[in-house]
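A look at the structure
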Amino acid sequence: MAVCVGIIGKDNSPKYFTCLNPDEELGFQYKVLSSLDVVEEKLSSGNKTGSDMRELYLGMLYSLETHKVYGYVTNTKIKFIIVVDSTNTALRDNEIRSMFRKLHSIYADNVCNPFYIPDEPITSKSFDRSVKHIMTGA
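Numbers given for residues are sequential positions, taken from 1 along each chain in its written order. The predicted origin of the model limits local features to residues at a pLDDT of at least 70 and limits the giving and counting of side-chain atom pairs to 80 or more, whereas totals for whole chains, interfaces and linings rest on all residues. The basis for every side-chain value is the complete set of heavy atoms in the structure, and neither hydrogens nor water enter the calculation.

Burial classes follow relative accessibility: with a 1.4 Å probe on protein chains only, a residue under 20% of its type's maximum area counts as buried, one over 50% as exposed, and anything between as partly exposed. Secondary structure elements follow DSSP: runs of H or I no shorter than four residues count as helices, runs of E no shorter than two count as strands, and numbering proceeds from the N terminus. Strand 5 (residues 79–85) sits mainly inside the fold: six of its seven residues count as buried. Note on pairing: DSSP must find at least two bridges between two strands before they are called paired. Sheet analysis places strand 1 (residues 2–8) next to strand 5, joined by six bridges and oriented antiparallel. Paired with Ile 7 across the bridge in strand 5 is Phe 80. Here strand 4 (residues 67–73) runs beside strand 5; their pairing, made up of seven bridges, is antiparallel. Bridge pairing links Lys 68 to Val 84 in strand 5.

Think of a sheet as strands paired side by side through backbone hydrogen bonds, with each pair either parallel or antiparallel. Strand order across the open sheet formed by five strands is 2-1-5-4-3, with antiparallel pairing between neighbours. At either margin of the open sheet sits one strand with a lone partner, and together these are strand 2 (14–19) and strand 3 (57–63). Neighbour to neighbour, the strand axes of the sheet diverge by 15 degrees on average, direction disregarded. With five bridges connecting them, strand 3 and strand 4 associate as antiparallel partners. An axis is simply a line fitted to the C-alpha atoms; with a helix, the fit covers only the stretch in contact. Between two such axes, the angle follows the N-to-C directions and lies from 0 to 180 degrees.

Among the seven residues of strand 4, six are classified as buried, and the element is accordingly described as predominantly covered. Where strand 4 hands over to strand 5, the hairpin turn is made up of five residues, of which Lys 77 adopts a positive phi near 70 degrees.

Glancing now at the packing of helix 1 (residues 25–34) against helix 2 (residues 36–44). Where helix 1 meets helix 2, the axes come as close as 4 Å, and the angle between the chain directions of the two elements is 15 degrees. Here helix 1 lies roughly parallel to helix 2, going by the angle between them. Residue-level inspection shows Val 32, Leu 33 and Ser 34 of helix 1 in contact with helix 2, the latter providing Leu 36, Asp 37 and Val 38. Amino acids are sorted into nonpolar (Ala, Val, Leu, Ile, Met, Phe, Trp, Tyr, Cys and Pro), charged (Asp, Glu, Lys and Arg) and polar (every other residue, Gly among them). The class makeup of the residues in the contact of helix 1 with helix 2 is four nonpolar, one polar and one charged. The cut-offs work like this: below 35 degrees is roughly parallel, past 145 is roughly antiparallel, 65 to 115 is roughly perpendicular, and the gaps in between are oblique. We call two residues contacting when some pair of their heavy atoms lies within 4.5 Å.

Attention now goes to the pattern of salt bridges. Should a side-chain nitrogen of Lys or Arg be within 4 Å of a carboxyl oxygen of Asp or Glu, the pair is scored as a salt bridge. A complete count under the given rule lists two salt bridges for this structure. Put simply, Glu 40 and Lys 79 hold a salt bridge, and the shortest N to O gap is 3.8 Å. Here Glu 40 is found in helix 2, whereas its partner Lys 79 is found in strand 5, with 39 residues between them in sequence. With relative accessibility at 2%, the residue Lys 79 sits in the buried group. Here Asp 93 and Arg 97 are joined by a salt bridge, their closest N and O atoms 3.9 Å apart. Taken as a pair, Asp 93 and Arg 97 lie in helix 4 (residues 93–111) at a separation of four residues, close to a single helical turn.

In short, geometric facts, not functional conclusions.
Okay, structure coming up:
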């Protein structure tokens, strides 16, 4: 189960942010935004072959005592960050990948909406409900 999801634009501006506990939102924003350095490092590290460039999932960016931070980058350089609770040992890597794929899919659906203004924060209530559904795994 994820405790926080952040979507960051290609210019590193936050597009969407939510957490299960609103009281801890500021701390999670710090964790998500500080993970962008690791994302940039992973994206720029070494010469990548064609097959490596298609891999959107970055894996675990870093681990803290209480949380683990995972990253995913689209071809258009939109960054998805998911923070999960470290005590959740049942959550495997393929389940994290699945969460990112679902998140990418609903993000694509949202930006294809003719009423969505490009490069603006996402404020859709249906998008928010879908993300929380993915976070809780319900």
